[in-house]
Amino acid sequence: MSSNLYPGLLVVISGPSGVGKTTICHALVDRLGAQLSVSATTRPAGSGERNGEDYLFLSAQQFKQHLDDGDFLEHAQVFGHSYGTLTGPVMEALQAGRIVVLEIDVNGAKQIHQRFDRAKMFLILPPAPASLSDRLNTRRRDARTVIAERLAKADGEVRFARESGCYDYTIVNDNLEEAINQIVTIINQEKEKSQNDRRPQV
Ligand code: ADP
Ligand code: 5GP
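About the thresholds
- Residues numbered from 1 in each chain as written.
- Chains lettered and ligands numbered in written order.
- Predicted model: local features only at pLDDT ≥ 70, side-chain atom pairs only at ≥ 80, totals over all residues.
- Heavy atoms only, no water.
- Near = heavy atom within 4 Å.
- Polar contact = N/O pair within 3.5 Å; in protein donor to acceptor, adjacent residues only side chain to side chain.
- Areas by Shrake-Rupley, 256 points an atom, 1.4 Å probe, with all protein chains shown as cover.
- Helix = DSSP H or I, 4+ residues; strand = E, 2+ residues; numbered from the N terminus.
- Axes fitted to C-alpha atoms, helices over the stretch in contact; angles between N-to-C directions.
- Parallel < 35°, antiparallel > 145°, perpendicular 65-115°, else oblique.
- Left-handed = near helix turned anticlockwise from the far one by under 90°.
- Contact = heavy atoms within 4.5 Å.
- Pairing = 2+ DSSP bridges.
- Nonpolar A, V, L, I, M, F, W, Y, C, P; charged D, E, K, R; others polar.
- Phe/Tyr/Trp six-rings, centres within 6.5 Å; stacked < 30°, edge-to-face > 60°.

1. Side note on the site of ligand 2
- Taken together, the neighbourhood of ligand 2 is formed by 17 residues, with S39, R43, Y55, Y83 and R150 sitting nearest.
- E74 has a polar side-chain atom sitting 2.8 Å from a nitrogen atom of ligand 2.
- At 3.4 Å from an oxygen atom of ligand 2 is found a side-chain nitrogen or oxygen belonging to T85.
- Compared with its free state, where it exposes 510 Å², ligand 2 has 97% of that area covered by protein.
- Mapped by element, the contributors of at least two residues to the shell around ligand 2 are β5 (72-78) and β6 (81-86).

Right under this line is the structure:
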């Protein structure tokens, strides 16, 4: 997609499970008034998750219907389930000049990177591998087997993400506030840059 077709800013946040992506994305909503894209998924809702707010929880058949109808901006299989970003709300918000945040895996990020040359891509990393296990267990959302599967895949995911070459920024989420501040600062700079680029030259 041409870089000048929409006035908003598309932001992608990726990283291994438990690194703090969702926490950071909610902070971007609070701090920047960003719009968080609500993904569709076939995975079952975890403890405390609400349909339509955390995700659109769909059956495999419903997901396939959206896929067949060409409704997804990107989609991928992650941990054995389908996940996808619906095009409509994202494009509407970008056209309205909003900052739109996608919390998606690296396969989805690659698709966005190819289609949106102005998207800003962030890879979030833990300070140490052990912090993922601590955080996933503290979160109490997933069953123990689900957590074990996610931890087993974390190293490979990070390697694949680094090798993808599609991330502009790597942020270590050690101190949460510091990580959020770094991302907020970068997004504000990028927003200003894109506004300057769009100003008519005199
Ligand atoms: P993800 O979306 O990447 O799977 P979450 O945002 O759900 O991760 O965070 C997993 C858990 O880790 C949550 O309980 C969250 O409060 C906690 N957490 C997030 N960032 C930090 C941090 N910097 N230090 C300690 N705990 C954190
Ligand atoms: P979770 O099940 O923990 O919410 O998410 C699991 C993984 O799926 C995370 O890496 C998350 O970023 C990714 N994910 C969530 N929504 C989407 C989406 O719409 N598209 C893609 N490609 N990945 C997603």
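2. Here's the deal with the packing of helix α1 (residues 21-32) against helix α7 (residues 176-198)
- As a packed pair, α1 and α7 sit with axes 10 Å apart at the nearest point and diverge in direction by 55 degrees. In terms of their interaxial angle, α1 and α7 are classed as oblique. The crossing of α1 and α7 is right-handed. Side by side, α1 and α7 meet where T23, I24, A27, L28, R31 and L32 of the first sit next to L176, E177, I180, N181, I183, V184, I187 and N188 of the second.

3. Some points on the sheet that holds strand β1 (residues 9-14)
- The parallel open sheet is built from five strands, whose spatial order is β2-β7-β1-β8-β9. Among the strands making up the open sheet, the edge pair consists of β2 (35-36) and β9 (169-172).
- Summarising the sheet, β1 and strand β8 (residues 120-125) pair through four bridges and their orientation is parallel. In the sheet register, V12 faces β8, and the bridge partner there is M121.

4. Considering the site of ligand 1
- Close to ligand 1 lie 14 residues, the nearest being G18, T22, T23, R139 and D174.
- At a separation of 3.3 Å, an oxygen atom of ligand 1 approaches a polar backbone atom of V19.
- D174 is positioned with one of its backbone polar atoms (N or O) 2.8 Å from a nitrogen atom of ligand 1.
- Protein contacts shield 76% of the accessible area of ligand 1, which totals 560 Å² for the unbound molecule.
- Counting residues per element, the shell around ligand 1 draws most heavily on α1, which supplies three residues.
- Class assignment of the residues belonging to the shell around ligand 1 gives a composition of three nonpolar, six polar and five charged.

5. Notes on the sheet that holds strand β4 (residues 56-57)
- Sheet architecture is open: four strands sit in the order β4-β3-β6-β5, paired in mixed fashion. Only two strands of the sheet have a single partner each, and these edge strands are β4 and β5.
- Of the strand pairs in this sheet, β5 and β6 are connected by six bridges, and their pairing is antiparallel. For A76, the partnering residue across the bridge sits in β6 and is Y83.

6. A closer look at the packing of aromatic side chains
- Scanning the entire structure with this criterion turns up five aromatic pairs.
- Pairwise contacts between aromatic rings join Y55, F57 and Y83 into one cluster.

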